[in-house]
Amino acid sequence: MRYGPAMLNDLWTNLCYAARRSTSCVQALSCASILCGCLFLPAGSTVSAAEFADVQKIVQEHCVSCHGEDAPEAGLNLARLSDNLADASVRSQWVLLFDRVDKREMPPRSSEFPDDVRESLLSILEPALHDADLKDVVSHGRGPMRRLNRDEFEQNLKDILQLPDLSVRDLLPEDRTGHHFNKAAAMLDVSRVQLVAFLDASESALMQAMASGLEPPPIRKFRALATQMFQEAETFGNKEAMFYAKDGKMLPISGQQLAELRRGGQHDASVEMALFRSAHWPYYGYPHGFVAALPGRYKVRFSARSVLQKPGFVLHEGTKPIPMTFRARKPSGPDVSGDVRATGGVMDIVPENAVYETTILLKAGETFEYSLLGLPVPLARNVNNGPPEYRYPPFPEGGQPGVAFQWIEVDGPTSPEVWPPVSHKILFDDLEIRSPAPGSSLPVDVISKQPEDDAVRLLRRFVQRAARRPFSDEEIVPFQELIQTRLQEGDSFAVAVLAGYKAFLCSGHFLFLDEPQRDDSFAVASRLSHFLTNTRPDDLLMQQAGSGRLRDPAVLQAEVDRLVSSEGFSEFVRNFTDYWLNLRSLYRDEPDVRLFPEYRFDNYLVESMEQETRVWFTALVKENLPATTIIDSDFVFANDRLALHYGLPPVIGSAMQKVSLAGDSVYGGLLTQGAVLKVTANGTTTSPVVRGAWIMDRLLGNPPPPPPASVPAVEPDIRGATTIRELLALHTKSDSCAGCHAKFDPVGLALESFDILGAQRTSYRSLGSGTAVSGIDRAGHDFTYSLNLAVDASGQLPDGRTFQDIRELKALLVQEPRPLARNLLHQFTIYATGTPVRFSDRREIETLLDQCAPNGYRVGDLIRSLVQSRIFLGEVRH
C-alpha cells in the first residue's frame, strides 16, 4: 500500500503539507487551491487540454502505424492510450513514449519524424508528466513504505544488542530485488511466512544476547608444537605438499611414528611443519586435538616463516610473503562437510621468523584449518582404476613457495570484561540471575521482586534504545499489555519480557522506515544512516535529530562526512557494490578449466578481484574522485596476485595498494576490473552482448529493452569455427535486432580483449582447431587447448564515432561525464530512498548535476547533493 507524506488519507491535509514551504497562510492556501484545481486536468497546471490534444495527434500520425490495435510492436498499443495522467499505469506508458522519443529510439525512421515535431511533442509532454507525477507524490508519497531488508534487520540488531558476531539473516527469506537493489520498497513486501521468519530471527537474537550461564564460559588454552599442528604425517599431494622438517631438511616420519610420538608427548621444539598447498579438497589440515567446545571468538598466536621448497625436500628462506588465513570447519576428516568459511583475516607470512596474532570465530564443535592462498591444489586421480594417487604439479622456477610453522596457541572463547555481558544488561539491566527452572528454554532465569514494575521499566528502556524516533506512552501500551498478559498466564519474568521485546522488533515501528516529512528529522536520520552505514542512526545522529538541527545544510553535510569516515561505511560499500555491480554473483560461475586451466582452484585471484573493486569504490567516494573515474583512471588497486594477473610491476603482499599505471595501460577504471569482467562472463566464454548491455545499464544508465522471447541468445563457439562478429552479424540481420544491438554491442566488443577473469588476450581459445597449447596446470592436471581466431576489439558507437581498442573507447566515453554522474545519482536515489527516480524528480536531478558540474561531477559531491535534496528530505518542491 502506498502512503502520503503525512501518513494521512485526507486529501486536504496532504495538499497543505505540500504547501508548507510557503511563507504565509495566504500563499499556502493559494498553493493548495492551485493543486486542487489541477486534480481535474489530465496534463497538469502548465499544459492546456488543447496542447495535450496536439500530442495525441502527433502520436496518431507517427506512432500508431507500428503501435496500433493489430499486433503492436513490443506490446505497446498507443492507438487508445488514455489521457488520464492521474492513472499511474497510463502515466508510465506516456513516460516510456517520452523517453523513447527523447533518445531518438522512436520512431525508428527519424527522417519521417521532423525535429520540430519531436521537440514540440517533448516540450508539451514534459511539464504534463512532471505535474501529474508531482500531484501523485503530494497525494500518496514518492513510493511505498519501505521495510528493512534482512541485511539491515540483522545490522540493526547487532547494534541494539551490541552483538557484533550476531548472525540471523539466513533465518529470513531472501529479499526480492528491484532496479538492481535489495532496497526497492515495492519489492520488500511482508507475507505471513516472512513475519514468522522475523519472529524466529528476533527470538534467536534475544536468546544469544542473554548470559549463557551464571558465570562466563571457561577459557581453554591449547598449545601445539609443529608435530601436533597437522592431523597426519603428510597430506594429499604427497611429501611435496607437506612434511615435517628439522634444520631445513625433511624429517622422515611415518604415520605410525607420529602416533607414537604424540602418545609419548615427545615433541621437538626445533621441528617445523612445512606446508606447500592451498586448502581445498582433499586436505585434512587442522591441529591435532583441538575442537571448540563452545561458540565464540578464539585468540590465535603462531610462529611461522615463508620458505622455498627445493628438490630433495630442502627448505630455503622465502623470497616473498605468503598470504594465509584460517578456515573454520567441522573436523570431518579429509572430506569437507558443512559450513567452511574464512575467519581471522589475511596475514602475510614473511621470510623472517615472526609471531602472528589474530582472532577467529568458531561455532561449537568446529576446528580450523590453515589456508595458504595462491598455492597449488594437488590432483586426486585413480590411475588404471587403482587406488587414489595425488600428483603435485611441477615446481616453479626457483622453488615452490610455502610456509614453515613452529608452534600455535589458541585461547578461548574470549569472555567479556563484565558478567553478565553488556548484551544481557541491555535486556535486563542489573537484575539478578539464577539457574533456569527445569524444562526452561532459557540459559538463565532473571529474578524480579516487582515483576510488573520492572517489566514496564525495562520495556520503556529497550524501546527507547531500539526505536529510531521518540515513542509516546500510548504507543508502548500494546507491548506492555502483552507482557502483563504473559505474566498473568504464568510465564517467567524473563520469558514475558522477551515476548514484549520480540513483538516490538517485529512491529511496523521497527520493521519499516518512515518517509521523511517536513518537520521529522528522525526519519531523515534513519534514511541517512541506512543509506551510508546500512543500519540505525548512532547516538550522535539521534542527538542531531532530537535537537532539530539535522536539516540545517551545514549540520547535514557534517553528518554525511562523519558517516563516510566511520567504520560502518564499509557496510554501505559492501552492499552497494554487491547489487549495483552484482559482486554477490562473483563466485557464481567456476572457470572452465578445459579452456582456462591457469584459473583452476585459484580462489585467491577471485577474492583479490572482489577486494579490488570494493577498495576502488571506497576511494571513489572518500577521495571524491570524478565520475569519469568509473571509465578510466591512471591508477588501479592491486595486490601481489592481481599485479601478476594484470601484468603490472610486482607488488608485495596481499593488501590492496594504489598502483600508478603507464600511459598506454589498458587498465584503470571499472570497465577493465577483473570482478566486472567475471560477473559479465559465464565461466566458459565472453559475450559482447552481455558485457555491452551490462555496461550500458549499470554504468551509463541506458539499459536496453529486454530481448524478444522468440529470439535465441548469441552463444560463442568454443570450437573456434566461427567468430563472435560472424555470429552477431547473423543474429542482427533483422532491423529490430540490429537497432538495439548497435547501442551496446560496440562497448562489449571493446572488452573482447579480456578473458573471463579479466586477463588481457589477443586470441580466442577453443577446443577445436588452432595452435595447440599444452602443459600441466597449477593443480597437476594435464591440459590442451587451442589458440586460433584473433580478437578484434574495434567498433563504432551509435553516433558514428569509431575506436580500435579499449583505450580509444575509454577516451570517447570520458568525454561525456554527465551521463555517468546522472546514472550514479539514479543508483544512489533508489538505494537511499527505496524508490527510483520518478518523472517529477528529474528536474531536481538535473539541478543537482548542475551544482556538481563545475567541480567535475565528483562522486562524494553527488552523495552530498542528493542528501540535501528534496528527494532525500521528503520535501515537495514545484
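Refer to the structure above for everything that follows.
Residues numbered from 1 in each chain as written. Predicted model: local features only at pLDDT ≥ 70, side-chain atom pairs only at ≥ 80, totals over all residues. Heavy atoms only, no water.

**A closer look at the pattern of salt bridges**
Keep this limit in mind: By convention in these notes, a salt bridge is any Lys or Arg side-chain nitrogen within 4 Å of a carboxyl oxygen on Asp or Glu. Each residue is assigned to one of three classes by its accessible area relative to the maximum for its type, calculated with a 1.4 Å probe on protein chains only: buried under 20%, partly exposed between the two thresholds, exposed over 50%. Secondary structure elements follow DSSP: runs of H or I no shorter than four residues count as helices, runs of E no shorter than two count as strands, and numbering proceeds from the N terminus.
For the coordinates displayed, the defined rule picks out 64 salt bridges. Linking glutamate 234 and lysine 239 is a salt bridge whose minimum nitrogen-to-oxygen distance equals 3.6 Å. Residue class for lysine 239 comes out buried when judged on its relative accessible area of 18%. Between arginine 614 and glutamate 610 there is a salt bridge, with the nearest N and O atoms lying 2.8 Å from each other. Of this pair, arginine 614 and glutamate 610 both sit in helix α18 (residues 603–622), four residues apart, which is roughly one turn of the helix. One salt-bridge network, held together by shared partners, links Glu571, Arg574, Asp578, Glu610 and Arg614.

**Things to note about the environment of tyrosine 831**
Our working rule: Whether two residues are in contact is decided by their heavy atoms: any pair within 4.5 Å suffices. Two N or O atoms form a polar contact when they lie within 3.5 Å of each other; inside protein one atom must be a possible hydrogen donor and the other a possible acceptor, and for residues adjacent in sequence the pair counts only when both atoms belong to side chains.
Examined against the element boundaries, tyrosine 831 turns out to sit in helix α25 (residues 817–833). We classify tyrosine 831 as buried; its relative accessible area is 0%. Residues tyrosine 831 and histidine 530, 301 residues apart in the sequence, show an inter-C-alpha distance of 9.3 Å. If we skip the residues at most four places from it in the chain, tyrosine 831 touches Phe181, Lys183, His530, Phe531, Asn534, Phe572, Asn575 and Phe576. Only 3.2 Å separates the side chain of tyrosine 831 from the side chain of asparagine 575, close enough to count as a polar contact.

**So, the sheet that holds strand β11 (residues 367–372)**
Keep this limit in mind: At least two bridges found by DSSP between two strands is the condition for calling them paired. Only C-alpha atoms enter the line fits that serve as axes; for helices the fit covers just the stretch in contact. Angles between N-to-C directions range over 0 to 180 degrees.
Pairing within the open sheet is antiparallel, and its three strands lie in the order β9-β8-β11. Where the open sheet ends on each side, the last strands, each with one partner, are β9 (341–349) and β11. If you compare each strand with its neighbour and ignore which way they point, the axes differ by 25° on average. Note: strand β8 (residues 322–329) against β11, six bridges, orientation antiparallel. Looking at the pairing, phenylalanine 326 lines up with tyrosine 370 of β11.

**Describing the sheet that holds strand β20 (residues 763–766)**
Strand order in the open sheet formed by three strands is β20-β22-β21, with antiparallel pairing between adjacent strands. Each edge of the sheet is formed by a strand with only one pairing partner; in this case those strands are β20 and β21 (771–776). This sheet shows a mean twist of 35° between the axes of neighbouring strands, independent of strand direction. Sheet topology note: the β20/strand β22 (residues 782–790) ladder contains three bridges and is antiparallel. Each bridged residue has a counterpart across the sheet, and for arginine 765 the counterpart in β22 is leucine 787.

**Thoughts on helix α27 (residues 859–867)**
α27 sits mainly inside the fold: eight of its nine residues count as buried. Turning to α27, its buried residues number three or more, namely Val859, Gly860, Asp861, Leu862, Ile863, Ser865, Leu866 and Val867. As for α27, its buried residues are in contact with α14 (521–532), α16 (553–565), α18, α25, α26 (842–852) and α28 (870–873).

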